[in-house]
Amino acid sequence: MNRDDLIPSSLKADGSLSELATLQVRHVDAANGMKTGLDRAKPEVAPILAELVEMHDTMADQSARILADHGGEPDPDGSWMSWVHEGVMAARGLFDGVDKDALPGLIDGEKRVLEQARKVLAQDLWSDSERSTLIGQRDRLEAAIARLRHGA
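Residues numbered from 1 in each chain as written. Predicted model: local features only at pLDDT ≥ 70, side-chain atom pairs only at ≥ 80, totals over all residues. Heavy atoms only, no water.

(A) Spatial organisation of the overall build of the protein chain. For the protein chain, the count of helices and strands is six helices and zero strands. Order of helices (α) and strands (β) in the protein chain, N terminus to C terminus: α-α-α-α-α-α. Classification of the 152 residues of the protein chain by burial places 46% in the buried group. A separation of at least 24 residues holds for 78% of the contacts in the protein chain among residues at least 6 apart in sequence. (Helix = DSSP H or I, 4+ residues; strand = E, 2+ residues; numbered from the N terminus. Buried < 20%, exposed > 50% of the residue type's maximum accessible area, 1.4 Å probe, protein only. Contact = heavy atoms within 4.5 Å.)

Written out as C-alpha cells, the structure reads:
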C-alpha cells in the first residue's frame with residue numbers, strides 16, 4: 001500500500017499536513033473495520049472492540065478538527081483500507097465469530113496507527129493544545145496495545 005493512497009488529494013500538495021491526514025484516515029479505517037468485527041464478536045471480545053471503536057472514533061474527530069484548523073479537509077469515510085479491514089473482520093466472523101484469535105491482528109493494526117501518531121508528533125506544526133491532544137492519542141494507543149497484549 002502506498003501511503004499517498006491514504007491522503008486526500010487536497011492535501012497531497014501540502015506535505016506538512018499529509019502526516020496528520022494519514023493519521024486521521026487511519027483512525028477512520030480502524031474504527032470502520034472494528035465496527036464490522038463488533039457485529040460478529042464473541043462476548044469475550046465485544047467489549048474490547050467496542051472500546052477500540054470509541055477510541056478511534058474520538059481520535060478521528062480530534063485529528064479532523066486539528067486538520068481543519070490548519071486548512072486541511074478531513075476524510076470522514078476513510079480510505080480503501082476500511083473495506084479491507086471490514087472484509088477481514090467479516091471473514092473472521094463467518095464461521096465462529098470474532099474471538100481472541102483476532103487480538104494479534106488488532107495489535108498489529110494499532111501499532112501502525114501508533115507509528116503514524118509518532119510521525120505526527122515529530123512535526124513542529126502544532127500548538128500546545130494540539131500537541132497535548134496528539135500526545136493523549138499516542139498514550140491511549142500505547143495503553144490499548146498493552147491491554148491487547150494481555151488479552152484485554
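(B) Representation of the nonpolar core in the model. Grouped together as the largest cluster of nonpolar side chains are 29 residues, with contacts concentrated most on Leu 20, Leu 52 and Leu 134. Non-local contacts of Leu 134, meaning those with residues more than four positions away in its chain, are made with Leu 20, Leu 23, Ile 66, Val 120, Leu 121 and Trp 126. (Core = buried A, V, L, I, M, F, W, Y, C linked by side-chain atoms within 4.5 Å.)

(C) Looking closely at helix α6 (residues 128–149). Taking 1.5 Å per residue as the helical rise, α6 with its 22 residues ought to reach 32 Å, and the 31 Å between its terminal C-alpha atoms agrees with that figure. What α6 keeps buried is the set Glu 130, Leu 134, Gln 137, Leu 141, Ala 144, Ile 145 and Leu 148. The buried residues of α6 occupy an angular sector of 100° when the element is viewed end-on, so they sit on one face. In α6, the exposed positions angled more than 90 degrees off the buried face are occupied by Asp 128 and Ser 129. Downstream of α6 by one or two residues, Gly 151 has phi in the positive range, about 80°. (Expected span 1.5 Å × (residues − 1). Arc of directions from axis to C-beta.)

(D) Expanded view of helix α3 (residues 46–69). End to end, α3 covers 35 Å across 24 residues, agreeing with the expected 34 Å (1.5 Å per residue, within 8%). Ile 48, Leu 49, Leu 52, Val 53, Met 55, His 56, Met 59, Ala 60, Ser 63, Ala 64, Ile 66 and Leu 67 are the residues of α3 that are buried. Backbone geometry just after α3 places Gly 71 at a positive phi near 90°.

(E) Quick peek at the packing of α3 against α6. Relative orientation of the contacting elements α3 and α6 amounts to 160°, with a least axis distance of 11 Å. For the element pair α3 / α6, the angle class is roughly antiparallel. Where α3 crosses over α6, the handedness of that crossing is left-handed. Judged by residue contacts, Ile 48, Glu 51, Leu 52, Glu 54, Met 55, His 56, Thr 58, Met 59, Gln 62, Ser 63, Ile 66 and Asp 69 of α3 engage Glu 130, Thr 133, Leu 134, Gln 137, Arg 140, Leu 141, Ala 144, Arg 147 and Leu 148 from α6. (Axes fitted to C-alpha atoms, helices over the stretch in contact; angles between N-to-C directions. Parallel < 35°, antiparallel > 145°, perpendicular 65-115°, else oblique. Left-handed = near helix turned anticlockwise from the far one by under 90°.)

(F) Representation of the confidence of the model for the protein chain within the structure. Residues of the protein chain with pLDDT of at least 70 account for 75%, and the chain-wide mean is 82. Looking over the protein chain, one finds the lowest element-wise mean pLDDT in helix α1 (residues 9–12), namely 42, and the highest in α6, namely 97. (pLDDT = per-residue confidence, 0-100.)

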